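Structure assessment
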Protein chains: 2
Amino acid sequence: MAFHKKEEFTQKEQDLAAFAKAMAHPARIAILKVLAQRNECVCGEIVDTLPLAQSTVSQHLKELKTAGLITGTIDGPRSCYCINWKAFSTFNNEFNFLFANLKIKNEKACC
Amino acid sequence: MAFHKKEEFTQKEQDLAAFAKAMAHPARIAILKVLAQRNECVCGEIVDTLPLAQSTVSQHLKELKTAGLITGTIDGPRSCYCINWKAFSTFNNEFNFLFANLKIKNEKACC
DNA sequence: TAATATAATCGTATATTTGCGATATAAGAT
DNA sequence: ATCTTATATCGCAAATATACGATTATATTA
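Please read all numbers here as calculations on a predicted model, not as lab measurements. Position labels on residues start from 1 in each chain and follow its written sequence. Lettering of chains starts at A and numbering of ligands starts at 1, both following the order in which they are written. Note on the predicted model: pLDDT of at least 70 is required for a residue's local features to be given, and 80 or more for side-chain atom pairs to be given and counted; whole-chain, interface and lining totals, by contrast, use all residues. The basis for every side-chain value is the complete set of non-hydrogen atoms in the structure, without hydrogens or water.

Considering the overall build of chain A
Worth spelling out the cut-off: A run of H or I in DSSP counts as a helix once it spans at least four residues, and a run of E counts as a strand once it spans at least two, with each numbered from the N terminus. Burial classification: accessible surface area is computed with a 1.4 Å probe over protein chains only, and a residue below 20% of its type maximum counts as buried, one above 50% as exposed, and the rest as partly exposed. Any pair of residues with heavy atoms lying within 4.5 Å of one another is described as a contacting pair.
Check the secondary structure of chain A and you find five helices and two strands. Listing every helix and strand of chain A by position from the N terminus yields α-α-α-α-β-β-α. Expressed as a percentage of the 111 residues in chain A, the buried residues total 43%. At a minimum sequence separation of 6, the contacts of chain A that also span at least 24 residues come to 47%.

So this is what it looks like as structure tokens:
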């Protein structure tokens, strides 16, 4: 009886949470940073910058890809990853919307 | 040997990840939304708006509080929760910093 | 003081995440 | 065809997260 009740929330709540979850690990933040720094698509160089095994990094990349934060295409013998700019922007807007509400109403903390 | 290697990342990466993690559940997004809507501090009314048991909600509130996203004070027999505006703002800046880097460099996707 | 109401905490079960080594896959080089 | 290089995937172990009911703590009310 200890189940995931996530379906009981609105789609927007679930989407925001899923996006946040994709960023909820320092390794994945670091990956996004690397992808942001090097404009051209990076592949296994990511592995070199992280204190993790290749298989673990590959898994994190997969999670980011599944969540839609990055795209990945096979480029010959190697793989090429990039930020999914559009999805990232959508999330940022969504987040700012929530944030804007807070700003208007809660500028002065109440407790 | 399946250990948390989180310490091996920078403090900023860890902080950003921790903040994202706090929002990485629809219930916690929903809680933030409720706190944003009602300007005055809300207590157990949160429980009524969620499809979860009281103890579970209390746990989510604790996580949000530990992560610094909300503050909570005991107000007589009930508890009063509020958005931690300052921390929220700090996170937003941090996030926008990462995001800004992306915006400048990656406006056109490469793959 | 006893009863009630609100909310936190404990104990527990289950599910998910994190991480690694080993293995598979696929393309390029020899 | 075989070797090498780059990545993805599988299988496993350990750690965390999610959820709930039961219990506890605290303050107000009767």
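Structural notes on the side chain of A:His60
One can find A:His60 in helix H4 (residues 54-66). Sequence-distant contacts of A:His60, that is, excluding residues within four places in its chain, are made with A:His25, A:Ala27, A:Arg28, A:Ile31 and A:Leu52.

Here we look at the nonpolar core
Test applied: To form a nonpolar core, buried Ala, Val, Leu, Ile, Met, Phe, Trp, Tyr and Cys residues must be joined to one another through side-chain atoms within 4.5 Å.
Judged by nonpolar contacts, the single largest core of 60 residues is most densely connected at A:Met23, A:Ile46, B:Met23 and B:Ile46. For A:Met23, the residues in contact, after removing those within four places along its chain, are A:Ile29, A:Leu32, A:Leu69, A:Phe88, A:Phe91, B:Ala17, B:Ala20 and B:Phe95.

Considering the protein's contact with DNA strand C
What counts, and what does not: Whether a residue is near a molecule or strand is decided by its heavy atoms; if any one of them lies within 4 Å of it, the residue is near. Here a polar contact is recorded for every N or O atom pair within 3.5 Å, except that within protein the pair must consist of a potential hydrogen donor and a potential acceptor, and residues adjacent in sequence are included only if both atoms are side-chain atoms. Gly falls in the polar group here, along with every residue not listed as nonpolar (Ala, Val, Leu, Ile, Met, Phe, Trp, Tyr, Cys, Pro) or charged (Asp, Glu, Lys, Arg).
Surveying the vicinity of DNA strand C reveals 27 residues, the closest of which are B:Lys5, B:Cys43, B:Gln54, B:Ser58 and B:Tyr81. Here DNA strand C approaches the protein such that, of its atoms within 4 Å, sugar and phosphate make up 66%. At 3.0 Å from a phosphate oxygen of DNA strand C is found a main-chain nitrogen or oxygen belonging to A:Ala53. Here a base nitrogen of DNA strand C sits 2.7 Å away from a polar atom, N or O, in the side chain of B:Gln54. Mapped by element, the contributors of at least two residues to the surface near DNA strand C are H4 of chain A together with helix H4 (54-66) and strand S2 (78-83) of chain B. With five residues, H4(A) is the largest single contributor of residues to the surface near DNA strand C. Tallied by class, residues from the surface near DNA strand C come to nine nonpolar, twelve polar and six charged.

Overview of the packing of helix H2 (residues 26-37) of chain B against H4(B)
Residues and elements named next belong to chain B. Applicable threshold: In this description, a line fitted to the C-alpha atoms serves as the axis of each element, helices being fitted only across the stretch in contact, and the angle between N-to-C directions of two axes falls anywhere from 0 to 180 degrees. Every angle not falling under 35 degrees, over 145, or within 65 to 115 is termed oblique; those three ranges are roughly parallel, roughly antiparallel and roughly perpendicular.
As a packed pair, H2 and H4 sit with axes 10 Å apart at the nearest point and diverge in direction by 75°. In terms of their interaxial angle, H2 and H4 are classed as roughly perpendicular. Contacts between H2 and H4 involve Ala27, Arg28, Ile31 and Leu32 from the former and Val57, His60, Leu61, Glu63 and Leu64 from the latter. Classifying every residue of the contact of H2 with H4 gives six nonpolar, one polar and two charged.

Some details on the pattern of salt bridges
Test applied: Criterion for a salt bridge: a side-chain nitrogen of Lys or Arg within 4 Å of a carboxyl oxygen of Asp or Glu.
With the rule as written, the count across this model stands at eight salt bridges over all chains. Across the salt bridge formed by A:Lys12 and A:Glu94, the nearest N and O atoms sit 3.5 Å from each other. Here A:Glu94 lies in helix H5 (residues 85-106) and A:Lys12 lies in helix H1 (residues 11-22), a separation of 82 residues in the sequence. The class for A:Lys12 is exposed, based on a relative accessible area of 54%. A salt bridge links A:Lys33 to B:Glu13; its shortest N-O distance comes to 3.1 Å. Of this pair, A:Lys33 sits in helix H2 (residues 26-37) while B:Glu13 sits in helix H1 (residues 11-22), on two different chains.

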